Amino acid sequence: MATIKDVARLAGVGLGTASRVVSGKGSVSPATLERVRKAIDELGFRPSHAARALLSGTSRMVGVYIPVLSGTFYTPILQIIDTELRAAGLHMVVAFGVGLGDARNQAIEGIEFLIERGCDGLIMMTSALTDDDIAALGAKRRTIVSLNHDFADLPGQCFTVDHALGGRLAARALLDHGHRDIAVIAGPNALVDNVARVDGFMHELLAEGLDTDKVWIAESDFSPQGGWLAAKALVESKTPCTALFCANDEMAVGALSYFQEAGISVPRDLSVIGYDDTPSAEFAAPRLTSVHMPWREMTLAGINALLNRCYDLGRPVARTFPVSVTMRASLATAAGSKAKPKAKAKTKQEGKKT
């Protein structure tokens, strides 16, 4: 393979001049520029990633940390990040939770892995880190953005959505359809965003005068299998209910699968509402009503903020993200209820997080 030295030799210029042409930085006369470009074409020269890094002083790599590499939640977000970075001439490096440690230690190890690889900046999606963990990153904090969680030591660098509002909207959708006997499959209690959405849901039920102490609730793990097992436990408990709120779509899809196997018709016998509005919701059977979280808008805002910090760009950075309910076939009016659901536009509200 041709090297930058070969280009300089063929063009009859110094190595520094050839490097300035390749990097696009520095002054070069038009005649010299033409000779170097001709040599590049003749040799088929393509600078390696390492060479570009040496020339530019940056790695042109952005690290992304996610807790798990599975399911339908993180995949669309990674696709958005990769598409945006590649369009900007950058590369994505992904690390996710591995090893025997808990979620916090896995996050620390994953972020250290990305920093050691020379990433110019980091995008992280984790609520497992403490404020002390963030402070320990030192000057590197300036080139980090957080998606879906707020950290006090990253002011203006956190992009999340109002999960309490999302929970309230889920409850409101069920209440507006006449449901009063409601069950809940929650995610892990250790996750801040899960707690917020479930708390918001319960507060809306309380505001309607329902006794939340009587609401059947199970803690699961955000997986389809977890939803399947929790739905099985709900049915075996013989708890009377007409509607089920699942704190994410993957658990809702697992629950739908169990109900189908158990001969429970959704939404005739039981309505189901999910959360996140991932692609799995649109193609579930029946199609899943879900709280729509604006992950794309949030992710793009985080990317733009990071690129502005790392590469002195002037990209627009949004701070307000709409939250709504996407109505589909899994939600119907409760049997015997005379409720008349409000117009779809009434379910939309906005939440702001910075």
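In case you missed it, the structure is sitting above this.
Presented here is a report on the structure given in the accompanying data block. (Residues numbered from 1 in each chain as written. Predicted model: local features only at pLDDT ≥ 70, side-chain atom pairs only at ≥ 80, totals over all residues. Heavy atoms only, no water.)

Quick word on the packing of helix α1 (residues 4–11) against helix α2 (residues 15–23)
With their axes 9 Å apart at the nearest point, α1 and α2 run at an angle of 110° to one another. Between α1 and α2, the interaxial angle falls into the category roughly perpendicular. Seen along the crossing, α1 lies across α2 with a hand that is right-handed. Seen from α1, the contacting residues are I4, K5 and A8; seen from α2, they are L15, A18, S19 and V22. By residue class, the composition of the contact of α1 with α2 is five nonpolar, one polar and one charged. (Axes fitted to C-alpha atoms, helices over the stretch in contact; angles between N-to-C directions. Helix = DSSP H or I, 4+ residues; strand = E, 2+ residues; numbered from the N terminus. Parallel < 35°, antiparallel > 145°, perpendicular 65-115°, else oblique. Left-handed = near helix turned anticlockwise from the far one by under 90°. Contact = heavy atoms within 4.5 Å. Nonpolar A, V, L, I, M, F, W, Y, C, P; charged D, E, K, R; others polar.)

A short note on the nonpolar core
Ranked by size, the top nonpolar core spans 52 residues in total, and within it I123, F159, L174, F201, L205 and F245 carry the most contacts. Ranked by residue count, the leading element in this core is helix α13 (residues 295–311), at nine residues. Residues within four places of L174 in sequence aside, it is in contact with H179, I182, F201, A243, F245, I273 and L331. Counting 24 residues, the second-largest nonpolar core is a separate cluster that includes A231, A255, L270 and A281. (Core = buried A, V, L, I, M, F, W, Y, C linked by side-chain atoms within 4.5 Å. Buried < 20%, exposed > 50% of the residue type's maximum accessible area, 1.4 Å probe, protein only.)

Things to note about the environment of R46
Here R46 shows up in the loop between α3 (30–43) and α4 (49–56). For R46 and I4, which are 42 residues apart along the polypeptide, the C-alpha to C-alpha distance reads 8.8 Å.

Notes on the state of the cysteines
A full pass over the atoms with the stated rule returns zero disulfides. Summary of cysteine pairing: C158 is not part of a disulfide, and the nearest cysteine sulfur, belonging to C310, is at 15 Å. Not engaged in a disulfide, the cysteine C310 finds its nearest cysteine sulfur in C119; these two sulfurs lie 9.8 Å apart. Under the relative-accessibility criterion, C310 is labelled buried at 17%. (Disulfide = S-S within 2.5 Å.)

Quick word on the layout of surface pockets
Considered as a void within the structure, the largest pocket measures approximately 750 Å³ in volume. Looking at the largest pocket, it is lined by 29 residues, and the ones nearest its centre are P67, V68, Y74, L191 and F222. For the lining of the largest pocket, the secondary structure elements donating two or more residues are α6 (103–116) and α9 (192–207). The element contributing the most residues to the lining of the largest pocket is α6, with three residues. Each residue belonging to the lining of the largest pocket can be placed in one class, and the counts come to 15 nonpolar, nine polar and five charged. There is about 260 Å³ of room inside the second largest pocket. Lining the second largest pocket are 16 residues, with P76, D277, T278, P279 and W295 positioned closest to its centre. Mapped onto the lining of the second largest pocket, the elements with two or more residues apiece are α5 (74–87), α12 (279–282) and α13. (1 Å grid on protein atoms, 1.4 Å probe; cavity = no way out; pocket = protein on both sides within 12 Å on 5 of 7 lines; lining within 4 Å. Points joined across faces, edges and corners; volume = space filled by probe spheres on them.)

Structural notes on the pairing of strand β8 (residues 243–246)
Two faces belong to every sheet, and in a regular strand the side chains alternate between them. Both faces of β8 are covered, namely the face carrying A243 and F245 and the face carrying L244 and C246. Where strand β6 (residues 182–186) lies against β8, four bridges are found, and the strand directions are parallel. Each bridged residue has a counterpart across the sheet, and for I185 the counterpart in β8 is C246. Remark: the β8/helix α11 (residues 249–261)/strand β9 (residues 271–276) crossover connection has right-handed handedness. (Pairing = 2+ DSSP bridges. Right-handed = clockwise from strand over helix to strand, strands pointing away.)

Description of the pattern of salt bridges
Under the counting rule described, the total for this entry stands at 15 salt bridges. As a salt-bridge pair, D176 and R172 come within 3.1 Å of each other at their nearest N and O atoms. Within this pair, D176 and its partner R172 are both found in helix α8 (residues 163–176), separated by four residues, close to a single helical turn. Judged by relative accessible area, which is 22%, R172 ranks as partly exposed. With a shortest N-O distance of 3.0 Å, E204 and R172 are connected by a salt bridge. Pair noted here: E204 is in helix α9 and R172 is in helix α8, with a separation of 32 residues, a long-range link. (Salt bridge = Lys/Arg side-chain N within 4 Å of Asp/Glu carboxyl O.)

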